[in-house]
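# What the coordinates show
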Amino acid sequence: MCGYFNDSLLTPLTEQDLRSQFEHAMQHYQNEPLVKLFTSGSFLDPSEIPTPVQHHILTTLKDTTEKISVESRPEYITEKNVQTIQKKIPLEKLEVGIGLETSNDLVREKAINKGFTFQQYKKAASLLKKHKISVKTYLLLKPPFLTEKESLDDCLKTAKDTASFTDVLSLNPTNVQRHTVVEYLWNRGQYRPPWLWSVVEFLKHSKSLTKAFVKCDVVGGGSSRGAHNCGTCDKQVLQAIQEFSLTQNKEVFTGLSCRCTEQWRDQLDLESLSFGSLVDFQRWNP
Ligand SMILES: [Zn+2]
């Protein structure tokens, strides 16, 4: 499902390229207290961001920020890396996001092809916690090969399984990127991006499973390639999702309903019985 390779260069970036990119972005920086460094990879991986560049970025932002948010795979979250960062910034200023996607190793290995285990995540998250570094965990809603119901249940279980490890849970609904397996399945009518109702259902129930701050930023929401409902209610539902992500107040979902709610419920009930033939009946019978 991941389309990052579409935007990646085949020639590696130099240290100087990364420094220039950072300086360019910093021209727009006005001492905002929260800075997110979105590397689409692992900030702590020295082959992606060389250690001197990591340190340069952190040192530059040290005095003006309250929180610096980066992302990393668990294998780069090591005692050694944390120790070197500690020399540059107070560790409580740091937040590290990990793309766990699911606590289920089978789903992560076979449907997502991620290449690390839940055990590795737990070890990395514990190490971060030990050093008072905030932990953010990304969950993936609806990887390929799972039904809507299977994926919703999987995300809810993951919220519970990660409760003692993470400070923030961020739900990422799958969207259809170019040249991916998901696009191949979607073109054949064998994949539908998740319903926004599934996102709402997850957000509503998550607060009883975890104390983490739960949020969801729906990329491409309301479009046929992104998480969507029937087209009529999408805007309103997306607004409620955004509001919940800021306030954590599930009352924002009260009274939200649409004719398509029943269709979504039917999909949850019937998809597993239909052996994949009810993936997206809306698309074939508009
Ligand atoms: Zn609707």
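Residues numbered from 1 in each chain as written. Predicted model: local features only at pLDDT ≥ 70, side-chain atom pairs only at ≥ 80, totals over all residues. Heavy atoms only, no water.

Running from N to C, helix α9 (residues 196-206) and helix α11 (residues 260-270) point in directions that differ by 80 degrees, and their axes come no closer than 10 Å. In terms of orientation, α9 lies roughly perpendicular with respect to α11. Along the contact surface, α9 presents Trp-197, Ser-198 and Glu-201, while α11 presents Cys-260, Thr-261 and Trp-264. Considered class by class, the residues forming the contact of α9 with α11 number 3 nonpolar, 2 polar and 1 charged. (Axes fitted to C-alpha atoms, helices over the stretch in contact; angles between N-to-C directions. Helix = DSSP H or I, 4+ residues; strand = E, 2+ residues; numbered from the N terminus. Parallel < 35°, antiparallel > 145°, perpendicular 65-115°, else oblique. Contact = heavy atoms within 4.5 Å. Nonpolar A, V, L, I, M, F, W, Y, C, P; charged D, E, K, R; others polar.)

The final tally for this structure, using the stated rule, is 1 cavity of 30 Å³ or more. Computed from the structure, the largest cavity encloses a volume of approximately 40 Å³. When contributions to the lining of the largest cavity are tallied by element, the ones reaching two or more residues are α4 (79-86) and β3 (94-101). Looking at which element gives the most residues to the lining of the largest cavity, the answer is α4, with 3 residues. Its residues assigned to classes, the lining of the largest cavity shows 8 nonpolar, 1 polar and no charged. (1 Å grid on protein atoms, 1.4 Å probe; cavity = no way out; pocket = protein on both sides within 12 Å on 5 of 7 lines; lining within 4 Å. Points joined across faces, edges and corners; volume = space filled by probe spheres on them.)

Bringing the packing of aromatic side chains into the picture now. Per the counting criterion, the structure on display carries 4 aromatic pairs. Seen from their ring centres, Phe-118 and Tyr-121 are 5.7 Å apart, and the 10 degrees between their planes marks the pair as stacked. A residue pair is termed a helical-turn pair when its members lie 3 or 4 positions apart in one helix, as Phe-118 and Tyr-121 do in helix α6 (residues 118-130) at 3 residues. A residue is classified by how much of its surface remains accessible, and Tyr-121, at 0% relative accessible area, is buried. By the ring-pair criterion, three or more aromatic residues cluster together here, those being Phe-118, Tyr-121 and Phe-165. Directly above the aromatic system of Tyr-191 lies the positively charged group of Lys-142, at a separation of 5.5 Å from the ring centroid. Over the face of the ring belonging to Trp-195 we find Arg-192, whose NZ or CZ atom lies 4.0 Å from the ring centre. (Phe/Tyr/Trp six-rings, centres within 6.5 Å; stacked < 30°, edge-to-face > 60°. Buried < 20%, exposed > 50% of the residue type's maximum accessible area, 1.4 Å probe, protein only. Lys NZ or Arg CZ within 6 Å of the ring centre and 35° of its normal.)

When α4 is considered as a whole, its buried residues turn out to be Asn-81, Val-82 and Ile-85. One face of α4 carries all of its buried residues, which in axial projection span an arc of 100 degrees. The inward-facing, buried residues of α4 contact α3 (51-61), β3 and α6. (Arc of directions from axis to C-beta.)

The 6 strands lie next to each other as β1-β2-β3-β4-β5-β6, forming an open sheet whose pairing is parallel. Single-partner strands in this sheet number two, and they are β1 (34-36) and β6 (213-216). Direction aside, the axes of adjacent strands within the sheet are offset by 20 degrees on average. In this sheet, strand β5 (residues 168-173) lies alongside strand β4 (residues 134-141) in parallel orientation, the contact comprising 6 bridges. Its bridge partner being in β5, Lys-136 is matched across the sheet by Val-168. Packing against the sheet, helix α7 (residues 148-161) makes contact with β3, β4 and β5, and its axis sits at approximately 165 degrees to β4. (Pairing = 2+ DSSP bridges.)

Turning next to the coordination of the zinc ion. Protein ligation of the zinc ion involves Cys-230 (SG), Cys-233 (SG), Cys-258 (SG) and Cys-260 (SG), the donor distances falling in the range 2.3 Å. Along the chain, the residues that donate to the zinc ion are spaced as C-x2-C-x24-C-x1-C. Of this pair, Cys-233 sits in the loop between β6 and α10 (234-247) while Cys-260 sits in helix α11; the two residues are 27 residues apart in sequence, bridging distant segments of the chain. Judged by its relative accessible area of 2%, Cys-260 falls in the buried class. (Donors = N, O, S within 2.8 Å, 3.2 Å for Na, K, Ca; no water.)

Before going further, it helps to examine the nonpolar core. In terms of nonpolar packing, the biggest core is built from 33 residues, with Leu-37, Phe-43, Leu-61, Ile-68, Ile-77, Leu-94 and Tyr-121 touching the most fellow members. For this core, the elements supplying multiple residues, two or more each, are α2 (15-26), α3, β2 (67-71), α4, β3 and α6. When residues of this core are assigned to their parent elements, the largest contribution, 6 residues, is made by α6. Other than its neighbours up to four places away in sequence, Leu-94 contacts Leu-58, Lys-67, Ile-68, Val-70, Ile-85, Ile-89, Ile-133 and Ser-134. (Core = buried A, V, L, I, M, F, W, Y, C linked by side-chain atoms within 4.5 Å.)

Read these as geometric descriptors, not functional statements.
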